[in-house]
Structure formats: structure tokens, C-alpha cells
Amino acid sequence: MYLFTGDAPVREFAAAFPQPARLGLRLGGRFFLHEYPYREAYLLDRARQFRAALRLPLILLGGITTVETMELAMAEGFAFVALARALLREPDLVRRMEADRSVRSLCVHCNRCMPTIYRGTHCVLAERP
Ligand SMILES: Cc1cc2nc3c(=O)[nH]c(=O)nc-3n(C[C@H](O)[C@H](O)[C@H](O)COP(=O)(O)O)c2cc1C
Ligand code: SF4
């Protein structure tokens, strides 16, 4: 959860497994699925240390959901940004941002997409084709 930040969806994770693992995860899931508060660009402080120490091109990842954050990453010397949940939530997000730079991601960092990796990765809030 440290890599993600946001909610720890213990109940949904448990539901992805057969019994008795399901019951075990429901009872004990909180012990290994810790919650870390979400904030925009939550890995930036740590990434800056790599940026300062390395000469190779770097990609900033983690909680990038606005054009402003993307521009900040470029200004700080990152070659690219990577988006995971924001694009899972809205595959056309970048196109919408191109048309209107005030657009923000609709991802709410609930992390309920994580347990869907066992049955077809998707955002639980997004419409599926
Ligand atoms: C549903 C889902 C599956 C993921 N699977 C992997 C994976 O298999 N390997 C990996 O290194 N990261 C995986 N990630 C982590 C993402 O690559 C990314 O590091 C993380 O979601 C933080 O970026 P974000 O804030 O843009 O979502 C996954 C993320 C999500 C939401
Ligand atoms: S399920 Fe959707 S809204 Fe929730 S974290 Fe995943 S992509 Fe974001």
C-alpha cells in the first residue's frame, strides 16, 4: 500500500480469494494492508533525491493527476511522468487534458481496482465497454 497510498480495500481484497483465505484476509488484512494518506505526487520528495544523484533520464510516478504536476515534474528534470490509476479510471484523460488544462483525474484513490487484477484489471468506478 505504500506504493499506492489511499484506501486499503481489505474487504474487496478478501472477496477476491476462495475460503478459507477469504476469511483470513477479512480478519487479518489490516495487519499487512496498511493505509497511507494520499497526496498529489506523493513520491516526489523521494524521487528528487534520485534526480539529484543520477544523470540518466527518470520517470516520475505516483499520484500524478493534473497538468500542473506534470509540468512541475518536467521543471524538476524528470524526462517523463507515468500514470496508472488515473488512466485506469479514465483512459482518455490525457486527451481531455489537452483540450482543457484544468481537467483533473476522477480517480478517488479507493484502490478497489487492485483486487480486480485476479479477474480482469479495471476501475470499479469506470464504465466498462
Ligand atoms: C490495478 C493495478 C495493478 C498494478 N499492477 C502492478 C504490477 O503488476 N507491477 C508494478 O510494478 N506495479 C503495478 N501497479 C502499480 C502502478 O504501476 C503504480 O506504481 C501505482 O499505481 C502508483 O501510480 P499511480 O498513483 O499513478 O496509480 C499496479 C497498479 C494498479 C492500480
Ligand atoms: S478503482 Fe478506480 S477510482 Fe478507485 S483507485 Fe482504482 S482507478 Fe482510482
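Before reading further, recall that the structure is shown in the block above.
Residues numbered from 1 in each chain as written. Chains lettered and ligands numbered in written order. Predicted model: local features only at pLDDT ≥ 70, side-chain atom pairs only at ≥ 80, totals over all residues. Heavy atoms only, no water.

Colleague: Kindly report on the nonpolar core, identifying the contributing residues and their values.
Modeller: Judged by nonpolar contacts, the single largest core of 15 residues is most densely connected at Leu60, Phe78, Leu83, Leu93 and Met97. At the level of elements, helix 3 (44–53), helix 4 (67–75) and helix 6 (93–99) are the ones that each hand at least two residues to this core. For this core, the element with the most residues is helix 4, which contributes 3 residues. Discounting chain neighbours no more than four positions away, the residues touching Leu60 are Leu44, Ala47, Ala73, Phe78, Phe80, Val81 and Ala82. (Core = buried A, V, L, I, M, F, W, Y, C linked by side-chain atoms within 4.5 Å. Buried < 20%, exposed > 50% of the residue type's maximum accessible area, 1.4 Å probe, protein only. Helix = DSSP H or I, 4+ residues; strand = E, 2+ residues; numbered from the N terminus. Contact = heavy atoms within 4.5 Å.)

Colleague: Give me the lowdown on the site of ligand 1, citing residues and values where you can.
Modeller: If you check the shell around ligand 1, you find 13 residues, and the closest are Phe4, Leu61, Gly63, Ala84 and Arg85. With respect to ligand 1, the side chain of Tyr42 contributes an N or O atom lying 3.3 Å from an oxygen atom. The separation between an oxygen atom of ligand 1 and a polar side-chain atom of Arg85 is 2.7 Å. For ligand 1, whose free accessible area comes to 610 Å², the fraction covered by protein is 64%. Judged by the fraction of its atoms near the pocket grid, ligand 1 is located in the largest pocket. (Near = heavy atom within 4 Å. Polar contact = N/O pair within 3.5 Å; in protein donor to acceptor, adjacent residues only side chain to side chain. Areas by Shrake-Rupley, 256 points an atom, 1.4 Å probe, with all protein chains shown as cover. 1 Å grid on protein atoms, 1.4 Å probe; cavity = no way out; pocket = protein on both sides within 12 Å on 5 of 7 lines; lining within 4 Å. Sits in = over half its atoms within 2 Å of the grid points.)

Colleague: Let's hear about a nonpolar patch on the surface: which residues, and what values?
Modeller: On the surface, Phe50, Leu54 and Leu56 cluster together into a nonpolar patch covering about 290 Å² of accessible area. Note on placement: Leu56 falls in the loop between helix 3 and strand 1 (59–61). (Patch = residues over 30% accessible without salt bridge, like charges linked within 9 Å, V, L, I, M, F, W, Y side chains within 5 Å. Salt bridge = Lys/Arg side-chain N within 4 Å of Asp/Glu carboxyl O.)

Colleague: I'd love a proper account of the side chain of Arg89, names of residues and values included.
Modeller: Relative to the assigned elements, Arg89 resides in helix 5 (residues 85–89). No salt bridge is formed by the buried Arg89. Its closest oppositely charged neighbour is Glu90, at 5.8 Å. With sequence-adjacent residues up to four places away left out, Arg89 is seen in contact with Leu106, Cys107, Cys123, Leu125 and Ala126. (Lys, Arg positive; Asp, Glu negative; His and termini not counted.)

Colleague: Provide a residue-level description of the layout of surface pockets, including the pertinent values.
Modeller: One number sums up the size of the largest pocket: a volume of about 290 Å³. Taken together, 22 residues form the lining of the largest pocket, with Phe4, Tyr42, Leu61, Ala84 and Arg85 sitting closest to its centre. With 3 residues, helix 5 is the single largest residue contributor to the lining of the largest pocket. Grouping the amino acids of the lining of the largest pocket by side-chain chemistry returns 15 nonpolar, 6 polar and 1 charged. (Points joined across faces, edges and corners; volume = space filled by probe spheres on them. Nonpolar A, V, L, I, M, F, W, Y, C, P; charged D, E, K, R; others polar.)

Colleague: So, the site of ligand 2: which residues are in play, and what are the values?
Modeller: With respect to spatial proximity, the complete set of residues near ligand 2 consists of Arg85, Arg89, Cys107, Val108, His109, Cys110, Asn111, Cys113, Cys123, Val124 and Leu125. Given that more than half its atoms are within 2 Å of the pocket grid, ligand 2 belongs to the largest cavity. Across the shell around ligand 2, the residue classes break down as 7 nonpolar, 2 polar and 2 charged.

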